[in-house]
Amino acid sequence: MPYVKTPKKTQPLSTLLDSKSQKCGLRCTVFSVNGNEYTGEWQDNKKHGKGTQVWKKSGAVYNGEWKFGKHDGYGTYSVLLPGTNEYARKYCGEWKNGKKHGFGKYFYNTSAVYEGEWSEDQRSGWGRMYYESGDIYEGEWMKDKNHGQGIIRLANGNWYEGTWRDGKKNGHGMFYYSDKGQLYEGFWVDGVAKCGTLSDFGRDEAPTPGKYPIPQLHIMDMQLVLKEAQSAYLDQS
């Protein structure tokens, strides 16, 4: 029986070139077709380990840890300031699967800054937010909004401490009017005070106190009265 030699199968040139260019370990700068560049560690042809990515179109830079092609671990993301060669940090902290996740600090601008916990690119957990207006909120967050227990100190010296839901005062809380030396304590719904008590608090140190002190009310059980008023409002709503 005659022997027939089977021709050897040859792979396409593109496949051969790709296999030769498989990246693993530390590599020098690698340029993508779109002009982006990456310098750092690789594993199985994916960015993995420590490295720096520069995006050509936006000029943004990420420097930190990677896992299978995505930001994962600790890293800093910076943006190029328009019309300059200077960079400004936007976020430095923890990442997971390409998103801000864990503890980190985000710079909205030079005066608005958030530092605290993140979950999938959203402020979630405990955090402190410095607003451009000068207000400062410190407390719990959920899905990028104040949610849970927290305190906000306003730039004018007033402050609120209590419960929040979906970014608004909701539930029991106290609001201190530093200019008048008065304290409101009661129940809030969607940022509006519904029922509570108003009393003098630091009136002697207040810059513009009321003409007369607030008279003291003598109620056997003030908390019971407030609770009943709160229940009556909730039944109507």
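This text gives an overview of the structure that appears in the document. Within each chain, residue numbers correspond to sequence positions counted from 1 in written order. Where local features are concerned, this predicted model is filtered to residues with pLDDT of at least 70; where side-chain atom pairs are given and counted, the filter is 80 or more; whole-chain, interface and lining totals use all residues. Working from all heavy atoms in the structure, the side-chain values ignore hydrogens and water.

Some remarks on the overall build of the protein
Item 1. Check the secondary structure of the protein and you find 2 helices and 15 strands.
Item 2. Using a 1.4 Å probe on the protein chains alone, a residue whose accessible area is under 20% of its type maximum counts as buried, one over 50% counts as exposed, and one in between counts as partly exposed. Here the protein, with 237 residues, has 30% of them falling under the buried criterion.
Item 3. Using a 1.4 Å probe, the Shrake-Rupley method yields the accessible areas, and only the shown protein chains count as cover for residues. For the protein, the exposed surface amounts to about 15,900 Å²; the carbon and sulfur share of it is 54%. Numbered from the N terminus, helices here are DSSP runs of H or I no shorter than four residues, and strands are runs of E no shorter than two.

Description of the pairing of strand β9 (residues 122-130)
Item 1. A pair of strands counts as paired when DSSP detects no fewer than two bridges linking them. Note: strand β8 (residues 113-119) against β9, 6 bridges, orientation antiparallel. Opposite Gly 116, over in β9, you have Gly 127 as the bridge partner.
Item 2. What sits between the antiparallel neighbours β8 and β9 is a turn of 2 residues, in which Glu 120 has the positive phi angle 50°.
Item 3. Pairing between β9 and strand β10 (residues 136-142): 6 bridges, direction antiparallel. Each residue of the ladder has a partner; that of Gly 125, found in β10, is Trp 141.
Item 4. The turn linking β9 back onto β10 is made up of 5 residues, and Gly 134 within it adopts a positive phi angle of 105°.

Looking at the environment of Gly 186
Item 1. Looking at the element boundaries, Gly 186 is found in strand β14 (residues 182-189).
Item 2. Here the alpha-carbon distance between Gly 186 and Gly 196, two residues 10 residues apart in the chain, equals 3.8 Å.
Item 3. Whether two residues are in contact is decided by their heavy atoms: any pair within 4.5 Å suffices. With near-sequence residues (within four places) excluded, Gly 186 lies in contact with Gly 171, His 172, Gly 173, Cys 195 and Gly 196.

A look at the pattern of salt bridges
Item 1. Throughout this description, the term salt bridge denotes a Lys or Arg side-chain nitrogen within 4 Å of a carboxyl oxygen of Asp or Glu. Tallied over the full model, the rule gives 4 salt bridges.
Item 2. As a salt-bridge pair, Lys 100 and Asp 121 come within 3.1 Å of each other at their nearest N and O atoms. With Lys 100 in strand β7 (residues 99-107) and Asp 121 in the loop between β8 and β9, this residue pair connects regions lying 21 residues apart in the sequence.
Item 3. By relative accessible area, which is 32% here, Asp 121 ends up partly exposed.

Functional significance is not addressed by these values, which are geometric in nature.
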